[in-house]
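Structural description and commentary
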Amino acid sequence: MLSTPDSSLPRSPAKAPTSPSRDRALIVTSDSERFLMLDVSHAQDPAAIRERIFTKLHIYTDEEQVQFDLPD
C-alpha cells in the first residue's frame, strides 16, 4: 500500500457552510500613529466607504483629501 503524507493525517469533519457576516470594519489613520475603527457594514459602494473614511478622519475639503492615497 502506498502512503502519502495527506493519507496518514486524520480528516476533520465536514463543516456546514455558514453565511458570511455582514459586519465590516476598517482601521483608518491619517498619521500612522492614531488609529480609528470605522464601521462600513452598511456602505452601499466604494464611494460611500471613501466618504466615511474622510469624515472619520475629519478630512473634509478636496485640497486635504488629495494628500491621501485612496483609490476611487
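Refer to the structure presented above.
Read on for an overview of the structure. It should be emphasised that the depicted structure is a prediction, and the values quoted were computed from it without experimental measurement. (Residues numbered from 1 in each chain as written. Predicted model: local features only at pLDDT ≥ 70, side-chain atom pairs only at ≥ 80, totals over all residues. Heavy atoms only, no water.)

One finds Val28, Leu36, Leu38, Val40, Ala43, Ile53, Phe54, Leu57 and Ile59 forming the largest nonpolar core, which totals 9 residues. Breaking this core down by element, the ones donating at least two residues are strand 2 (36-39) and helix 1 (46-56). Look past the residues within four positions of Leu36 in its chain and what remains in contact with it is Leu26, Ile27, Val28, Lys56 and Leu57. (Core = buried A, V, L, I, M, F, W, Y, C linked by side-chain atoms within 4.5 Å. Buried < 20%, exposed > 50% of the residue type's maximum accessible area, 1.4 Å probe, protein only. Helix = DSSP H or I, 4+ residues; strand = E, 2+ residues; numbered from the N terminus. Contact = heavy atoms within 4.5 Å.)

Turning to a nonpolar patch on the surface, a few remarks are in order. A cluster of nonpolar residues, Ile27, Phe35 and Met37, forms a patch on the protein surface that exposes about 360 Å² of accessible area. Mapped onto the fold, Met37 is located in strand 2. Take Met37: its relative accessible area is 56%, and that puts it in the exposed class. (Patch = residues over 30% accessible without salt bridge, like charges linked within 9 Å, V, L, I, M, F, W, Y side chains within 5 Å. Areas by Shrake-Rupley, 256 points an atom, 1.4 Å probe, with all protein chains shown as cover. Salt bridge = Lys/Arg side-chain N within 4 Å of Asp/Glu carboxyl O.)

This paragraph deals with the pairing of strand 2. Here strand 2 shows a clear split, with Leu36 and Leu38 buried on one side and none of Met37 and Asp39 buried on the other. Of the pairings in the sheet, the one linking strand 1 (residues 25-28) to strand 2 comprises 4 bridges and is antiparallel in character. In the sheet register, Ile27 faces strand 2, and the bridge partner there is Met37. (Pairing = 2+ DSSP bridges.)

With that settled, consider the side chain of Ser41. Within the fold, Ser41 resides in the loop between strand 2 and helix 1. There is a polar contact of 2.9 Å between the side chain of Ser41 and the backbone nitrogen of Arg24. Polar side-chain contacts of Ser41 include one of 2.5 Å to the side chain of Asp39. Setting aside anything within four residues of it in sequence, one finds Ser41 in contact with Arg22, Asp23, Arg24 and Arg52. (Polar contact = N/O pair within 3.5 Å; in protein donor to acceptor, adjacent residues only side chain to side chain.)

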